[in-house]
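Here is how the chains run, residue by residue.
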Amino acid sequence: MMRTRSFSSLLRTCLAVAAPVIVGFGIANTMPASAAATPAGTQISNTATATYQDPGGTTYNSQSNTVQTTVQNAPSMTISPPSGTPGSNTVSPGATITDTYTLTNTSNSAGYFQLTGVQNTDDGVTAGQGTFSQYVVNAGAGNQTFATIAAVNTYLSTGNAGSAFMTAVNGTITIGVTFSANVGSSGTITTKLTPTVTLPGNPPGPVGTVTATSASVVGQYNDTVTVDARVDVQKLAAVGGTVAVPTVTYTVRFANGGARNLAPVFKNALPGGNAAAYSGCTNSTACGVAFTDKLPSYNATQLTLTAAVPTISGATGTIIYSVDGTTWTTTQAGAVYIGVFLPATSITGAGLTTFQPNNNATTQNSVSAGNASLTLTFVMNGSTASGAANANAITNVANSTYGDQSGFIEGPGIGVQTVTNNAAATTAQTAPIIANANGALAGAGSVTSAASPLNTVLFNGPNGFPQAVGPTNNNDDYTAVSYTNGGASVSAVTGNTVAVAAGAAAVTITNSLQNTGNKDDTYNLTAATAAGLTALPAGWTVTFQSTGQGASGSCGAVVVNTVITSVCVPSGATQTYKTIYTPPAGATTFQAYTGYGDAITATSTNDNTKTNVTIDEMFVGGFVRLTKTWSVALAQPCATATVFTASSASVNPGDCVQYTITYLNVMPSGGTNDITVNASSFVITEDGAASGGAQVAYTNNWAANSNGLFAAPVDSNGGTLGGYNPGPGAVGSSRFTDTIGALAAGASGNCTFKVQVK
């Protein structure tokens, strides 16, 4: 999360205000050159504080975590390619490939590498479409192969005549991950490697050193699989007719979502097949591709086709029907299954583009009208049962049977690349050609059948904005609040808890419901911890209350503050309700800067498949978080420092230490018409000789163990720097303030400064 764009400008300032040993001006007048070196083992401690206000004028104090670094040495390493910018190779289904990683020892001493991940979770093939084979290690003794992480680690730590393979500073080794792409794999196969480097202590390290191991780094490859033919399916339903005599028009789209052409299949393996001898399928009417679907049922009653003639577009083929899914004809009477047979002449040859590869522009259940596709349209008689919704409709699937370019038949009941396309598939493999099992068959698109013309649409959102959109959609819109329990000043520290006293007030959030459907509806309200939020502490309860409403349509009047579990909303109307979060009798604790709250779901009773969610979110103890990090330029003074090691536990006298204070308004942001909280009057105070802590005690001593500020601090958002001690200049000062002022929800920035260890 740290942003470093300010470092370069700060470094340029540092070069102009050099350390006295290197250039001899700048801070030389504020700190004698003969200052004693900081003893080894000294802990340099640093904490930042800040104040800010919410829109209501409540003042908050924030305190960063305390960071410490000890004067000594530490290991470090890099891996290429790293997970942040993965490498990429290309692999075909069934092929074998090795992803090779380069490990570099960037420590200040020689060390040996180890793998730290779990095989096929952290180290190896993690995507599930490839099969791990072996690790290929070259630590300077040629390629060696191993089947397990344990074997790799044993080799690296003892395989050099009983000793470890020691890699010099900036030296490298390579480790390859070899895998095979599974038959039928597609998309991307990911491999990872998570190594560390260990610097041995005395012996064989320098006198006084101890064994130290770096934190794990993560390397990654995202390998692209060249995909074969793949049929993607999307099924759409449109309700028509009347309440008394409803109809449903189904549109089923089939497209080639793979990277290679579909191949025709011998007709005996297809619906309506025959026993003719196989003699090759190119441009033959005995071969082709089949696409099939099943009419849904309602309350165990099989629905039927209307008299309207089914149509196809995008290709030339024959409509086929079946009463059992096994025997197919061109007769519609009694049909339970419907499909299209396309002869080979409709899918191969010049000028035919319907089933050309679209390089994954389509996916399962997503074939837009703009794609090259075959479209099957048919109309069925809907249910005449009373009631608004079709709660018991069967989810039905659409399938296909086709050949791939590897010479196999793909389709329902046939394992991927198991039946060769040079003879008929058996009846057991292909019948029934369609089944009512959502997602159980490869190449299936699904939809829940609609069987009545009711239109149910609801919106559940913040007060006054029922159609608010959150960061992604109208199911994650939100209302966010800062909870202080009436306190004038609340302080919180990253990683610590905030107490809510016994007898604290309840939190009330008002939300809005809107019914844009064509019938009055009652919405049942439920609350559950929202995704990404933390559950309220034990003892807190969630209830709903009415904001009061008069009788309208089929909805009765409700008195304000009545405890409710549902809200009746007339068609075309909007109604508010209150969500009450009540604390228990005793004290509770909340994690600082953590979002707590619930997803409030409104469910239609007209159609219980229709829901909408709004999120109530609260933060206790403040909402602007400070996080302190540091990095050390080992053996480099600030005047010439270029390479910094993050979170280094090691620092030597004369080294440059760079501190970064990251600040973040943790309130949610993004979307339209959501309710959140912005901060104002935000000021950070960094005092190298201060102590205190409203929640966690701290003592800063970077001023006593350094030459003070090396140069003026830099704020990434252009905050106003001042408050230096001594003033008026920054260089050599032991204190400064950073005034940012307003900080919008979700906004962040950082303030960076450097000191040189005495």
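Note that the structure is predicted; figures quoted are calculated from it, not measured. Residue numbers run consecutively from 1 along every chain, following the written order of its sequence. Owing to the predicted nature of the model, reporting of local features is limited to residues with pLDDT of at least 70; listing and counting of side-chain atom pairs is limited to 80 or more, with chain, interface and lining totals taken over all residues. By convention in this description, side-chain values take in all heavy atoms of the structure and omit both hydrogens and water.

(A) Structural view of the overall build of the protein chain. From N to C terminus, the protein chain includes three helices and 54 strands. Buried means the residue's accessible area, taken with a 1.4 Å probe over protein chains only, is under 20% of the maximum for its type, while exposed means over 50%, and partly exposed covers the values in between. With 758 residues in all, the protein chain has 48% of them scored as buried. The Shrake-Rupley method, run with a 1.4 Å probe, gives the accessible areas here. Residue values count only the displayed protein chains as cover. Carbon and sulfur atoms make up 52% of the accessible area of the protein chain, which totals about 30100 Å². The secondary structure listing takes helices from DSSP runs of H or I that are at least 4 residues long and strands from runs of E that are at least 2 residues long, numbered from the N terminus.

(B) Region of interest: the state of the cysteines. The definition used for a disulfide is geometric: two cysteine sulfur atoms within 2.5 Å. Tallied over the full model, the rule gives two disulfides. Here Cys-555 engages in a disulfide with Cys-568; their sulfurs sit 2.0 Å apart. Between Cys-555 and Cys-568, the disulfide has an S-S torsion of -70 degrees and is therefore left-handed. With a gap of 13 residues between them, Cys-555 in the loop between β37 (541-546) and β38 (563-564) and Cys-568 in strand β39 (residues 566-569) connect regions that are remote in the sequence. What makes Cys-555 buried here is its relative accessible area of 3%. Assessed through its relative accessible area of 17%, Cys-568 is described here as buried. With a sulfur-sulfur separation of 2.1 Å, Cys-638 is cross-linked through a disulfide to Cys-656.

(C) Region of the structure containing the pattern of salt bridges. A pair is scored as a salt bridge if a Lys or Arg side-chain nitrogen falls within 4 Å of a carboxyl oxygen belonging to Asp or Glu. Summed over all chains, the structure comprises four salt bridges. Here Lys-628 and Glu-686 are joined by a salt bridge, their closest N and O atoms 3.1 Å apart. Of this pair, Lys-628 sits in strand β44 (residues 624-633) while Glu-686 sits in strand β47 (residues 679-687), and the two are 58 residues apart along the sequence. Across the pair Asp-687 and Arg-735 runs a salt bridge whose closest N-O atoms are separated by 3.8 Å. Of this pair, Asp-687 sits in strand β47 while Arg-735 is found in strand β53 (residues 735-743), placing the two residues 48 residues apart along the sequence.

(D) Looking closely at the confidence of the model for the protein chain. Known as pLDDT, the predictor's confidence for each residue is given on a scale from 0 to 100. Here the protein chain shows a mean pLDDT of 81. Residues at 70 or above account for 79%. Counted against residues more than four places away or in other chains, residues 1-41, with its pLDDT under 50, gives 81 contacts. Counting interchain partners and residues more than four positions distant, the pLDDT-below-50 stretch residues 274-279 has nine contacts. Contacts: residue pairs with any heavy atoms within 4.5 Å of one another.

(E) Structural context of the side chain of Ser-631. For Ser-631, the position within the fold is in strand β44. The buried category is assigned to Ser-631, whose relative accessible area is 10%. When residues no more than four places from it in sequence are discounted, the contact partners of Ser-631 are Phe-644, Thr-645, Ala-646, Ser-647, Cys-656, Val-657 and Gln-658.

(F) Molecular detail of the pairing of strand β13 (residues 187-193). Across two bridges, strand β9 (residues 124-125) lies against β13 in antiparallel orientation. What sits directly across from Val-125, in β13, is Thr-191. For β13 and strand β16 (residues 219-225), the ladder comprises seven bridges, and the chain directions are antiparallel. Following the sheet pairing, Ile-189 is matched in β16 by Asp-223. A pair of strands is treated as paired once DSSP finds two or more bridges between them.

(G) Inspection of the nonpolar core at higher detail. By nonpolar core we mean a set of buried residues, namely Ala, Val, Leu, Ile, Met, Phe, Trp, Tyr and Cys, connected to one another through side-chain atoms within 4.5 Å. The biggest cluster of nonpolar side chains holds 66 residues, and the ones touching the most others in it are Phe-623, Tyr-659 and Phe-682. Top element by residues in this core is strand β46 (residues 656-665). It accounts for five residues. If we ignore the near neighbours within four places in the chain, the residues touching Phe-623 are Tyr-52, Asp-54, Tyr-60, Ser-482, Tyr-593, Leu-664, Asn-665, Val-666, Met-667, Val-677, Asn-678 and Ala-679. Ranked by size, the runner-up nonpolar core spans 30 residues in total, among them Leu-156, Phe-165, Ile-189 and Val-197.

(H) Looking closely at the packing of aromatic side chains. Classification of ring pairs rests on two measures: the distance between centres of Phe, Tyr or Trp rings, Trp counted by its six-membered ring, which must be within 6.5 Å, and the angle between planes, read as stacked under 30 degrees, edge-to-face over 60 and tilted in between. Taken as a whole and assessed by the stated rule, the structure comprises 16 aromatic pairs. Seen from their ring centres, Tyr-663 and Phe-682 are 5.3 Å apart, and the 70 degrees between their planes marks the pair as edge-to-face. With Tyr-663 in strand β46 and Phe-682 in strand β47, this residue pair connects regions lying 19 residues apart in the sequence. As far as burial versus exposure is concerned, Tyr-663 and Phe-682 are alike and both buried. Chaining the aromatic ring pairs together yields one cluster made of Tyr-483, Trp-540, Phe-590 and Tyr-596. Only when the NZ of Lys or the CZ of Arg is both within 6 Å of the ring centre and within 35 degrees of the ring normal is a charge said to sit over the ring. Above the ring of Tyr-250, the side-chain terminus of Lys-235 is found at 4.6 Å from the ring centroid. For the cation-ring pair, Lys-294 lies above Tyr-337, with the distance from its terminal atom to the ring centre recorded as 5.8 Å.

(I) Spatial organisation of the sheet that holds β39. Strand order in the open sheet formed by five strands is β32-β43-β42-β36-β39, and the pairing between neighbours is mixed. Either end of the sheet is taken by a strand with one partner, and the two such strands are β32 (477-483) and β39. Between one strand and the next, the sheet's axes are offset by a mean angle of 25 degrees, whatever the strand orientation. Where strand β42 (residues 596-604) meets strand β43 (residues 611-620), eight bridges bridge the pair, whose relative direction is antiparallel. Looking across to β43, one finds that Tyr-596 is bridged to Met-618. Between N-to-C directions, angles span 0 to 180 degrees; the directions come from axes that are lines fitted to C-alpha atoms, helices contributing only their stretch in contact.

(J) Seen up close, the sheet that holds strand β17 (residues 231-241). Spatial strand order, β17-β18-β26-β23: four strands in an open sheet with antiparallel pairing. For this open sheet the edge positions go to β17 and β23 (311-313), each flanked by a neighbour on one side alone. Adjacent strand axes in the sheet meet at a mean angle of 20 degrees when their direction is disregarded. Pairing of β17 with strand β18 (residues 246-256), which is carried by eleven bridges, proceeds in the antiparallel orientation. Residue pairing across strands places Lys-235 opposite Val-252, the latter belonging to β18.

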